[in-house]
Amino acid sequence: MSKTTREQLLDVAERQFAERGFYGVSIAAVADELSLTKQALLHHFRTKEKLYGSVLERISRDYEQALNDLSGQSDVETAEQLTEYLVQLAEDACRHSARTQLLMRELLDNKRRAETASTWYLQSYLETLTNRMGSLPGWSKVSSARVFARLYQLLGAINYYAISQPTLRAILGAEEADAVRSVFSSELRALLEAPVN
């Protein structure tokens, strides 16, 4: 099945926003890459803000779907399921580094938009993930602030590691960087399984 024009626009926009940030991308540049007119893009997304929001919405939806798919395999969420989800998220972040880079840019570049944004597309995903972690044994009596802080640290570590792959290879060399990559998942598991005190 071929992708729709809308999906192609989202793919190109996601990559360009990851490479250049929100302020470095123009509607014309996204349309031009697909040999479309600016008006054709505006038919699907009325503004650059709407295009950017749709990219973030799609990422959030994909993350939530992956989380729901994993936990949908049984009636009871387990620590092992959440651990496997986060390990898989780390592996996906390395494979899809443009998406990871875009999310990091969103945190760094959105100071002007943060004051006026009416929609935070990743909010629902973060709330769902926090609630699921907070319902696990060992976490159920911990404040939601502590649960979120631990989760946010883990997500930060995952995303930082994923986007720093080229730099790590340059600093450490290919062999050592590959060695680090081979143990990253087990080290992430150890962090996830660390007891709450």
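Residues numbered from 1 in each chain as written. Predicted model: local features only at pLDDT ≥ 70, side-chain atom pairs only at ≥ 80, totals over all residues. Heavy atoms only, no water.

Quick notes on the pattern of salt bridges
Opposite charge on two side chains lets them pair, provided their charged atoms get close. This is how it is decided: Any carboxyl oxygen of Asp or Glu that lies within 4 Å of a side-chain nitrogen of Lys or Arg is treated as forming a salt bridge with it. Under the DSSP-based scheme used, a helix requires at least four consecutive residues in state H or I and a strand at least two consecutive residues in state E, with every element numbered from the N terminus. For the exposure calls, accessible area comes from a 1.4 Å probe over protein chains only, and a residue counts as buried if that area is under 20% of its type's maximum, exposed if over 50%, partly exposed in between.
By the definition in use, this model includes 9 salt bridges. Between Arg99 and Glu14 there is a salt bridge, and its shortest N-O distance comes to 3.2 Å. With Arg99 in helix H6 (residues 97-109) and Glu14 in helix H1 (residues 5-20), this residue pair connects regions lying 85 residues apart in the sequence. Assigned by exposure class, Arg99 and Glu14 land together as buried.

Let's talk about the packing of H6 against helix H9 (residues 144-163)
For any two helices packed against each other, the geometry is given by the interaxial angle and the distance between the axes. The test is simple: Between the N-to-C directions of two axes lies an angle of 0 to 180 degrees, each axis being a line fitted to C-alpha atoms and, for a helix, fitted only over the stretch in contact. Throughout this description, any angle smaller than 35 degrees is read as roughly parallel, any larger than 145 degrees as roughly antiparallel, any in the 65 to 115 degree range as roughly perpendicular, and the remainder as oblique. Two helices crossing with the near one rotated counterclockwise from the far one by less than a right angle form a left-handed crossing, whereas a clockwise rotation gives a right-handed crossing. The contact criterion used throughout is that any non-hydrogen atoms of two residues lie within 4.5 Å. Each residue gets one label: Ala, Val, Leu, Ile, Met, Phe, Trp, Tyr, Cys and Pro are nonpolar, Asp, Glu, Lys and Arg are charged, and the others, such as Gly, are polar.
Where H6 meets H9, the closest approach of the two axes is 9 Å, and the angle between their N-to-C directions is 125°. One way to sum up the angle between H6 and H9 is to call them oblique. Where H6 crosses over H9, the two elements pack in a sense that is left-handed. On the side of H6, the interface is formed by Ser97, Thr100, Gln101, Met104 and Leu107, while H9 contributes Tyr152, Asn159, Ala162 and Ile163. For the contact of H6 with H9, a count of residues per class yields 5 nonpolar, 4 polar and no charged.

Some words on H1
The cut-off we apply is this: In a helix, the anticipated span is given by 1.5 Å times the number of residues less one.
Taking 1.5 Å per residue as the helical rise, H1 with its 16 residues ought to reach 22 Å, and the 22 Å between its terminal C-alpha atoms agrees with that figure. The set of residues buried in H1 consists of Leu9, Leu10, Val12, Ala13, Glu14, Gln16, Phe17 and Ala18. Once H1 ends, the next one or two residues include Gly21, with phi positive near 80°.

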